[in-house]
Amino acid sequence: APTPTINESMTKVMEPDAQVIWDITSGAFNDKGDGLVASKISEDQWTKLAQAGQRIRDRAAQLGAAKHVTVATPDQAVMGAYASHAGAKGTYDAASVRQIQAAIDGNPALFKKRMKILEQAGDTVVKSADAKDAALLYSVSSNLDEVCDGCHQPFWGTDENPPFPGSGAPVK
């Protein structure tokens, strides 16, 4: 099977599964908010955490092992592409598909390294869910945004969502 595009991977695996992790963990904080309480996570939620972590792990491994990755097919919309001003980065600093592809093609070792880090994060979610280890789950879930940003920053150009079209927010 061909390697899925990065865009498909982000929209169908990484983002929705990261959201599952964040949604479940946000309901399991201790009273101080600096850790998780295992008993606040149901059996069904532990299962969902393991499944989300496995999908993230497996997709990151697949992308990291690919000889070449494609950002998007011509028919796939990439979030923020409308704000990239046809390839010229502006105040909102998301890159165009062409720029993202060039950045990955220009530094495949960094892309593979970032995919390995994401794969390890997904694996840690699986291990924490299998062991029902709230401390391990907290350590990975509380750092997951930074793991994502570690790839978004060098390749997509930002970790911020683009302004909503027509919102009146400045797009320079």
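As the structure is a prediction and not an experimental result, all values here were calculated from the model. Residue numbers run consecutively from 1 along every chain, following the written order of its sequence. Per-residue local features of the predicted model are confined to residues with pLDDT of at least 70, and side-chain atom pairs are confined, for both listing and counting, to 80 or more; whole-chain, interface and lining totals are unaffected and use all residues. For side-chain calculations, the full set of non-hydrogen atoms in the structure is used, while hydrogens and water are omitted.

### Quick word on the overall build of the chain
Scanning the chain for helices and strands turns up 6 helices and 0 strands. In this text, helices come from DSSP runs of H or I with a minimum length of four residues, and strands from runs of E with a minimum of two, each type numbered from the N-terminal end. Listing the helices and strands of the chain from first to last along the sequence gives α-α-α-α-α-α. With a 1.4 Å probe rolled over the protein chains alone, any residue whose accessible area is under 20% of its type maximum counts as buried; one over 50% counts as exposed, and the rest are partly exposed. By the burial criterion, 40% of the 172 residues in the chain qualify as buried. Throughout, a residue-residue contact means that at least one pair of heavy atoms, one from each residue, lies within 4.5 Å. Across the chain, every contact between residues at least 6 apart in sequence was considered, and the portion connecting residues at least 24 apart equals 76%.

### Quick word on the nonpolar core
We call a set of buried residues a nonpolar core when its members are Ala, Val, Leu, Ile, Met, Phe, Trp, Tyr or Cys and they connect through side-chain atoms within 4.5 Å of each other. In this structure, L49, I104, F111 and L137 are the most contacted members of the largest nonpolar core, which totals 38 residues. Put simply, the parts of the chain that give this core at least two residues each are α1 (6–26), α2 (43–65), α3 (97–106), α4 (108–131), α5 (134–141) and α6 (144–156). Of the residues forming this core, the biggest block, 7 residues, is contributed by α2. Here F111 is in contact with I6, L63, V69, I104, C151 and F155, once residues within four sequence places are set aside.

### Remarks on the packing of α4 against α5
Contact geometry for α4 and α5: axes closest at 8 Å, N-to-C directions at 160°. The angle between α4 and α5 falls in the class roughly antiparallel. Relative to α5, the crossing made by α4 is left-handed. In contact with A121, T124, V125, K127 and S128 of α4, α5 contributes L136, L137 and V140. In this count, Pro and Cys sit with the nonpolar residues alongside Ala, Val, Leu, Ile, Met, Phe, Trp and Tyr, while Asp, Glu, Lys and Arg are called charged and the others, Gly among them, polar. Residues that form the contact of α4 with α5 fall into these classes: 5 nonpolar, 2 polar and 1 charged. Lines fitted to C-alpha atoms define the axes here, with helix axes fitted over just the stretch in contact, and angles between the N-to-C directions of these axes take values from 0 to 180 degrees. When an angle is under 35 degrees it counts as roughly parallel; over 145 it counts as roughly antiparallel; between 65 and 115 it counts as roughly perpendicular; any other value is oblique. When the near helix sits turned anticlockwise from the far one by under a right angle, the crossing is termed left-handed; a clockwise turn instead gives a right-handed crossing.

### A word on unusual backbone geometry
Even without a glycine there, the phi angle at K132 is positive, about 50°. With respect to the helices and strands, K132 occurs in the loop between α4 and α5. By relative accessible area, K132 is classed as partly exposed at 36%.

### Points about α1
By definition, a residue's bend is the angle between the axes fitted to the seven residues ending there and the seven starting there. Of all the bends found along α1, the most pronounced is centred on M14 and spans about 30°, while P16, a proline, follows it within four residues. Within the sequence span of α1, burial applies to I6, N7, S9, V13, M14, D17, A18, I21, I24 and T25. Contact partners of the buried residues in α1: α2, α3, α4, α5 and α6.

### Quick look at α2
What a helix should span is 1.5 Å times the count of its residues minus one. Taking 1.5 Å of rise per residue, the 23 residues of α2 would be expected to cover 33 Å, and the 33 Å separating its terminal C-alpha atoms lies within 8% of that figure. Within the span of α2, buried status applies to W46, L49, A50, A52, G53, I56, R57, R59, A60, L63 and G64. Residues of α2 that are buried make contact with α1, α4 and α5.

### A short note on the pattern of salt bridges
The term salt bridge refers to a pairing of a side-chain nitrogen on Lys or Arg with a carboxyl oxygen on Asp or Glu at a separation within 4 Å. Tallied over the full model, the rule gives 8 salt bridges. E43 serves as the salt-bridge partner of K132, at 3.5 Å between the closest nitrogen and oxygen. Of the two residues, K132 is situated in the loop between α4 and α5 and E43 in helix α2; the sequence distance between them amounts to 89 residues. Where salt bridges share partners, they join R57, D58, D123 and K127 into one cluster.

### What to know about the packing of α4 against α6
How two helices sit against one another is set out by the angle between their axes and by the gap between those axes. The N-to-C vectors of α4 and α6 enclose an angle of 165°; their axes lie 10 Å apart at closest approach. Classified by the angle their axes make, α4 and α6 are roughly antiparallel. Between α4 and α6 lies a crossing of left-handed hand. Of the residues in α6, those touching α4 at L110, F111, R114, M115, I117, L118 and A121 are L144, E146, V147, G150, C151, P154 and F155.

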